[in-house]
Amino acid sequence: MAGKAIPKFETDKASNVPLWVQLRDRFVFLISSGYYEPDEQLPSVRKFAAENHVSLNTVSKAFMALEREGYIVTRHGSGAYVRGKQVGDDCVSEIDIMTEDYVRSCLERGAGIDDIPRFVSEVIARLKAESGEEGESSHVQS
């Protein structure tokens, strides 16, 4: 790693949130808050796992999720880096964060994952009806 101290990771043992998700969320916070900057190298999976007493598989799963969600990129033979800014990122990432918060909130309240698109469709239909845009194209897309 470049030189920044590896942040300590404390688990919430009382939480129903899996450890890899807690780790992923912590890295999202560290990236979003600017602790890690675009193009900055993250600690290696092995080093992070060893220093935080977390299984290699857990850290690896969190890093794979971070890459899949666009927070990091893996450069084979070099490590994981915070994804550099792309045109339109600010809007997309803010919407992604809001959407993820909504989905998590629904799940915490007992909704099934397959119910959530229906909830969204119902709200979109109601908003279209309220604005008189039922048959027209609008800024709200389903």
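Residues numbered from 1 in each chain as written. Predicted model: local features only at pLDDT ≥ 70, side-chain atom pairs only at ≥ 80, totals over all residues. Heavy atoms only, no water.

1. Details of the overall build of the chain
Helices and strands together make up the secondary structure of the chain, namely five helices and two strands. When the helices and strands of the chain are listed from N to C terminus, the series reads α-α-α-β-β-α-α. Sorting the 142 residues of the chain into buried and exposed places 27% on the buried side. Pairs at least 24 apart in sequence give 53% of the contacts found in the chain among residues at least 6 apart. Here the chain displays about 9600 Å² of accessible surface, and carbon together with sulfur accounts for 53% of that area. (Helix = DSSP H or I, 4+ residues; strand = E, 2+ residues; numbered from the N terminus. Buried < 20%, exposed > 50% of the residue type's maximum accessible area, 1.4 Å probe, protein only. Contact = heavy atoms within 4.5 Å. Areas by Shrake-Rupley, 256 points an atom, 1.4 Å probe, with all protein chains shown as cover.)

2. A look at helix 2 (residues 45–52)
For helix 2, the full list of buried residues reads Phe48, Ala49 and Asn52. Angularly, the buried residues of helix 2 cover 100° about the axis, an arc narrow enough to put them on a single face. Opposite its buried face, helix 2 presents the exposed residues Arg46 and Ala50, each directed more than 90 degrees away. Remark: His53 follows helix 2 within two positions and exhibits a positive phi of approximately 55°. (Arc of directions from axis to C-beta.)

3. Regarding the nonpolar core
Ranked by internal contacts, the top residues of the largest apolar core, which has 20 residues, are Phe27, Leu42, Phe63 and Ile72. When residues of this core are traced back to their parent elements, those giving at least two are helix 1 (19–32), helix 2, helix 3 (56–68) and strand 2 (79–82). The biggest single contributor to this core is helix 1, with five residues. (Core = buried A, V, L, I, M, F, W, Y, C linked by side-chain atoms within 4.5 Å.)

4. Regarding the pairing of strand 2
The pairing of strand 1 (residues 72–75) with strand 2 spans four bridges and is antiparallel. Paired with Thr74 across the two strands is Ala80, which belongs to strand 2. The turn linking strand 1 back onto strand 2 is made up of three residues, and Gly77 within it adopts a positive phi angle of 85°. (Pairing = 2+ DSSP bridges.)

5. With respect to the packing of aromatic side chains
For the structure shown, the criterion picks out five aromatic pairs. The interplanar angle of 50° and the centroid separation of 6.5 Å between the aromatic rings of Phe9 and Phe48 together place this pair among those described as tilted. Of this pair, Phe9 sits in the segment before helix 1 while Phe48 is found in helix 2, placing the two residues 39 residues apart along the sequence. The same class applies to Phe9 and to Phe48, which are both buried. Between Tyr35 and Tyr36, the aromatic rings sit 4.9 Å apart at their centres with planes inclined by 85°, giving edge-to-face as the arrangement. An aromatic cluster of three or more residues is present, and its members are Phe9, Phe27, Tyr35, Tyr36, Phe48 and Phe63. (Phe/Tyr/Trp six-rings, centres within 6.5 Å; stacked < 30°, edge-to-face > 60°.)

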